[in-house]
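# An overview of the molecular structure
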Amino acid sequence: MKKMGQFPHRRWNALRQSWVLVSPHRTQRPWLGEVGQKAAPSEVAYDPQCYLCPGNQRAGGATNPAYEGIFSFVNDYSALLPDSPLVMEPPVSPLLVAEPARGLCKVLCFHPNHSLTLARMSRAEIRRVVDAWTQEYTELAALDWIEYVQIFENRGAMMGASNPHPHCQIWATGFMPDEPAAETVAQRKHLASTGHCLLCDYLAAEEKEQATEGRIIFENEHFAALVPWWATWPFEAMVVSRRHLGSLPELNVEERDALADALKRLTTRFDNLFQTSFPYTMGFHQSPTDSETHPEWHFHAHFYPPLLRSATVRKFMVGFEMLGMPQRDITPETAAERLRACPEFRQDEAR
Ligand SMILES: [Zn+2]
Ligand SMILES: [Zn+2]
Ligand SMILES: [Zn+2]
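The rules behind each value
Residues numbered from 1 in each chain as written. Chains lettered and ligands numbered in written order. Predicted model: local features only at pLDDT ≥ 70, side-chain atom pairs only at ≥ 80, totals over all residues. Heavy atoms only, no water. Donors = N, O, S within 2.8 Å, 3.2 Å for Na, K, Ca; no water. Tetrahedral: all angles 85-135°; square planar, octahedral: opposite > 155°, others 65-115°. Helix = DSSP H or I, 4+ residues; strand = E, 2+ residues; numbered from the N terminus. Buried < 20%, exposed > 50% of the residue type's maximum accessible area, 1.4 Å probe, protein only. Pairing = 2+ DSSP bridges. Axes fitted to C-alpha atoms, helices over the stretch in contact; angles between N-to-C directions. 1 Å grid on protein atoms, 1.4 Å probe; cavity = no way out; pocket = protein on both sides within 12 Å on 5 of 7 lines; lining within 4 Å. Points joined across faces, edges and corners; volume = space filled by probe spheres on them. Nonpolar A, V, L, I, M, F, W, Y, C, P; charged D, E, K, R; others polar. Contact = heavy atoms within 4.5 Å. Parallel < 35°, antiparallel > 145°, perpendicular 65-115°, else oblique. Left-handed = near helix turned anticlockwise from the far one by under 90°.

### Some details on the coordination of the zinc ion (ligand 1)
Protein coordination of the zinc ion (ligand 1) is provided by C50 (SG), C53 (SG), H114 (ND1) and H165 (ND1), with donor distances spanning 2.0 to 2.3 Å. Coordination geometry of the zinc ion (ligand 1): the four donor atoms subtend angles of 105 to 117 degrees at the metal centre, consistent with an arrangement described as tetrahedral. Counting residues between consecutive donors of the zinc ion (ligand 1) along the chain gives the motif C-x2-C-x60-H-x50-H. Taken together, the residues C50 in the loop between β2 (18–22) and β3 (71–74) and H114 in the loop between β5 (103–109) and α1 (123–141) connect sequence positions 64 residues apart. Judged by its relative accessible area of 3%, C50 falls in the buried class.

So, in structure tokens, the structure goes:
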């Protein structure tokens, strides 16, 4: 591991039967200015200190263009590199297994305005982001060595987001990460044993249950937002397409509009729940981009917000949850009911 230990790689956890991604080169990442920086939405549309604002210089030395719409670039401090060596020294023990890990990490700014969030953006502005996500997925999927494209947003200091500028990250990997890999196995198994798609069946079950035990927060013509039956985080949510499709490029024009609408409405309800800019990690799960076909895959987004009772009281996954299994107090049904009671407009927004 001497030389290889300098490059991104993933190590096999033989006890847990899962992988951990190691990015040793990333320790050079500048940390100055990130510690203690507030990641609440900014009140200023332009921050001269922000490395994502138009025209500003980034820590890596590059200068952002004076962009007016959406801007994406390769992360200056990528956790994965496209040119990592593809061979590793043979393991000295079958319990000390590592694999090379290649990938591409990008950053995508949703908007030049530093003070916005998805909830504060208009449907038309979010729709342009949906188009950009689709384009990024398509371009990265076309690279023959990319097996998965993970689009995700960390929002708020509580989720470790150091910069309030509206942006997301895209990590395209030469391997399947564990979370979508587990969902691939489950969806394949369901399709093989029933002939149906798992999430199509799940959404039908939720729609049927809605009259008695509602976990659906809202639906529009093409998407449903719900607190899943198996939710771990207090106000965890999923946005699921109502039509069976595997990835962003399969959305038609109306479905792209409907996705923007669903994201606007869900993030606004979240902000209204505790009258705060709601922190979360959100991201899309979609068809792997390996050489296989994936009829089992059903496109969806996960939202994992940490807040429990107020803008400051968060849930921690510690103790029994770290050593045993996740546990929750508030039921998913109650969480969905609370989110259904939240308005879909912002107090400071003209209606
Ligand atoms: Zn900014
Ligand atoms: Zn489906
Ligand atoms: Zn998923």
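### With respect to the sheet that holds strand β4 (residues 98–100)
Here three strands make up an open sheet; going across it, the order is β2-β1-β4 and the pairing antiparallel. The open sheet is flanked by β2 and β4, the only strands paired with a single partner. Sheet twist, expressed as the average angle between the axes of neighbouring strands with direction ignored, equals 30 degrees. Bridging between strand β1 (residues 9–13) and β4 involves three bridges; their strand directions are antiparallel. Opposite R10, over in β4, you have E99 as the bridge partner.

### Digging into empty space enclosed by the protein
Tallying each qualifying case throughout the model produces one cavity of 30 Å³ or more. Approximately 50 Å³ is the volume attributed to the largest cavity. Taken together, T117, L118, A119, R155, T267, F270, D271, S277, F278 and Y280 make up the full set of residues lining the largest cavity. With three residues, the top contributor of residues to the lining of the largest cavity is helix α4 (residues 253–273). Class assignment of the residues belonging to the lining of the largest cavity gives a composition of five nonpolar, three polar and two charged.

### Some words on the environment of I217
Looking at the element boundaries, I217 is found in strand β8 (residues 216–219). Overall, the relative accessible area of 4% leaves I217 in the buried class. I217 sits 167 residues away from C50 along the chain, and the two C-alpha atoms are 35 Å apart. With sequence-adjacent residues up to four places away left out, I217 is seen in contact with A225, L226, V227, A237, L266, R269, A336, L339 and R340.

### Comments concerning the packing of α1 against α4
The interhelical angle for the contact between α1 and α4, taken along N-to-C directions, is 120 degrees, at an axis separation of 8 Å. On the basis of their axis angle, the class for α1 and α4 is oblique. Considering the relative orientation of α1 and α4, their crossing is right-handed. Along its contact with α1, which presents R123, I126, R127, V130, D131, W133 and T134, the element α4 presents V253, R256, D257, L259, A260, D261, L263, K264 and R265. A per-class count over the contact of α1 with α4 returns seven nonpolar, one polar and eight charged.

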